[in-house]
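One-letter residues, chain by chain:
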Amino acid sequence: MKNTIKAVLAAITITLSVNTITATEVKTQITTADVQDSNSLQAVFDNYFALKDALIKSDAKTSSAKATTLLASIGAVKMDKLKNNEHNVWMKVMKKMTSDAKAISSNQDLKKQRETFKSLSKNTYELIKASGASQPVYYQYCPMADANWLSKEKAVKNPYYGSSMLTCGNVVETIK
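Residues numbered from 1 in each chain as written. Predicted model: local features only at pLDDT ≥ 70, side-chain atom pairs only at ≥ 80, totals over all residues. Heavy atoms only, no water.

## Brief notes about unusual backbone geometry
The phi torsion of most residues other than glycine is negative, and most of the peptide bonds are trans.
1) Next: Non-glycine residue serine 58 carries a positive phi angle of around 55 degrees.
2) Next: Mapping serine 58 onto the fold places it in the loop between helix H2 (40-56) and helix H3 (60-75).
3) Next: Phi angles above zero are rare outside glycine, and aspartate 146 is one such case at about 50 degrees.
4) Next: With respect to the element layout, aspartate 146 can be found in the loop between strand S1 (137-142) and strand S2 (147-151). (Helix = DSSP H or I, 4+ residues; strand = E, 2+ residues; numbered from the N terminus.)

## Comments concerning the state of the cysteines
1) Next: The final tally for this structure, using the stated rule, is zero disulfides.
2) Next: Cysteine 168 supplies the cysteine sulfur nearest to cysteine 142, a cysteine that is in no disulfide, at a spacing of 3.7 Å.
3) Next: Of the residues examined, cysteine 142 reaches a relative accessible area of 0% and is grouped as buried.
4) Next: By relative accessible area, cysteine 168 is classed as buried at 16%. (Disulfide = S-S within 2.5 Å. Buried < 20%, exposed > 50% of the residue type's maximum accessible area, 1.4 Å probe, protein only.)

## Details of the packing of aromatic side chains
What characterises a pair of aromatic rings is the spacing of the ring centres plus the angle enclosed by the ring planes.
1) Next: Taken as a whole and assessed by the stated rule, the structure comprises five aromatic pairs.
2) Next: Grouping aromatic residues by their ring pairs yields a cluster made of Tyr48, Phe49, Phe117, Trp149 and Tyr160. (Phe/Tyr/Trp six-rings, centres within 6.5 Å; stacked < 30°, edge-to-face > 60°.)

## Quick word on the pattern of salt bridges
1) Next: Summed over the entire model, instances satisfying the criterion amount to seven salt bridges.
2) Next: One salt bridge connects lysine 92 with glutamate 126, and the closest N-O pair in it is separated by 2.9 Å. Taken together, the residues lysine 92 in helix H4 (residues 84-105) and glutamate 126 in helix H5 (residues 110-131) connect sequence positions 34 residues apart.
3) Next: It is possible to trace a salt-bridge network through shared partners that takes in Lys52, Asp53 and Glu153. (Salt bridge = Lys/Arg side-chain N within 4 Å of Asp/Glu carboxyl O.)

## Focus on the side chain of glutamate 126
1) Next: In this structure the side chain of glutamate 126 is engaged in a polar contact, spanning 2.9 Å, whose partner is the side chain of lysine 92.
2) Next: With residues up to four places along the chain from it excluded, the contact list for glutamate 126 reads Val89, Lys92 and Val93. (Polar contact = N/O pair within 3.5 Å; in protein donor to acceptor, adjacent residues only side chain to side chain. Contact = heavy atoms within 4.5 Å.)

## Here's the deal with the environment of aspartate 46
1) Next: Tracing the chain through its elements places aspartate 46 in helix H2.
2) Next: The class for aspartate 46 is partly exposed, based on a relative accessible area of 33%.
3) Next: In this structure the C-alpha to C-alpha distance between aspartate 46 and leucine 70, which are 24 residues apart in sequence, comes to 8.4 Å.

## Quick notes on the pairing of S2
1) Next: Taken across its five residues, S2 has four buried, putting it largely inside the fold.
2) Next: In this sheet, S2 lies alongside S1 in antiparallel orientation, the contact comprising five bridges. Note on S2: the bridge partner recorded for cysteine 142 is alanine 147.
3) Next: Between the antiparallel neighbours S1 and S2 lie four residues, among them aspartate 146 with a positive phi of about 50 degrees. (Pairing = 2+ DSSP bridges.)

## Side note on H4
1) Next: The first and last C-alpha atoms of H4 sit 30 Å apart over 22 residues, in line with the 32 Å expected at 1.5 Å per residue.
2) Next: Of all the bends in H4, the largest measures some 45 degrees and sits at valine 93.
3) Next: Among all positions in H4, only Glu86, Val89, Trp90, Val93, Met94, Met97, Asp100, Ala101, Ile104 and Ser105 are buried.
4) Next: Those residues of H4 that are buried are in contact with H2, H3 and H5. (Expected span 1.5 Å × (residues − 1). Bend = angle between axes of the 7 residues up to and from the residue.)

Below, the structure is given as structure tokens:
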């Protein structure tokens, strides 16, 4: 009888241990998926910054390639995983951001890429304001281009004129 009770207790202990391990694994998988979904907007922002950097260097070919990557990250955003305020802004800006990224990716004319970047920057600004930034982001303005852009650096590096007027502009807002 004692051996039977010990065997039953051992079986219960093993079953509980397995259930605990399984529950921990499921919880880890859910948490990892949630983090990946919330980072889908971060991928959009990171690819926007990469495109901006290519425009600063006045490299139309790289700008086109970076816009293609941005387009892919826009397409990868899972709207149902966004917070309510992010979702509302995303629904407002997604089509125009997609259109702008396509236009830049399919064009090798730096002047046209920069003109389209104005609209892309405006919509990215609205989105980053709604979602918040993981680090300070600087909203900068160039009076010569009459346009804004976002930067992770406080120092002005103008994507609208590149090296010809690299420091033209100023920080108008810091998003945290």
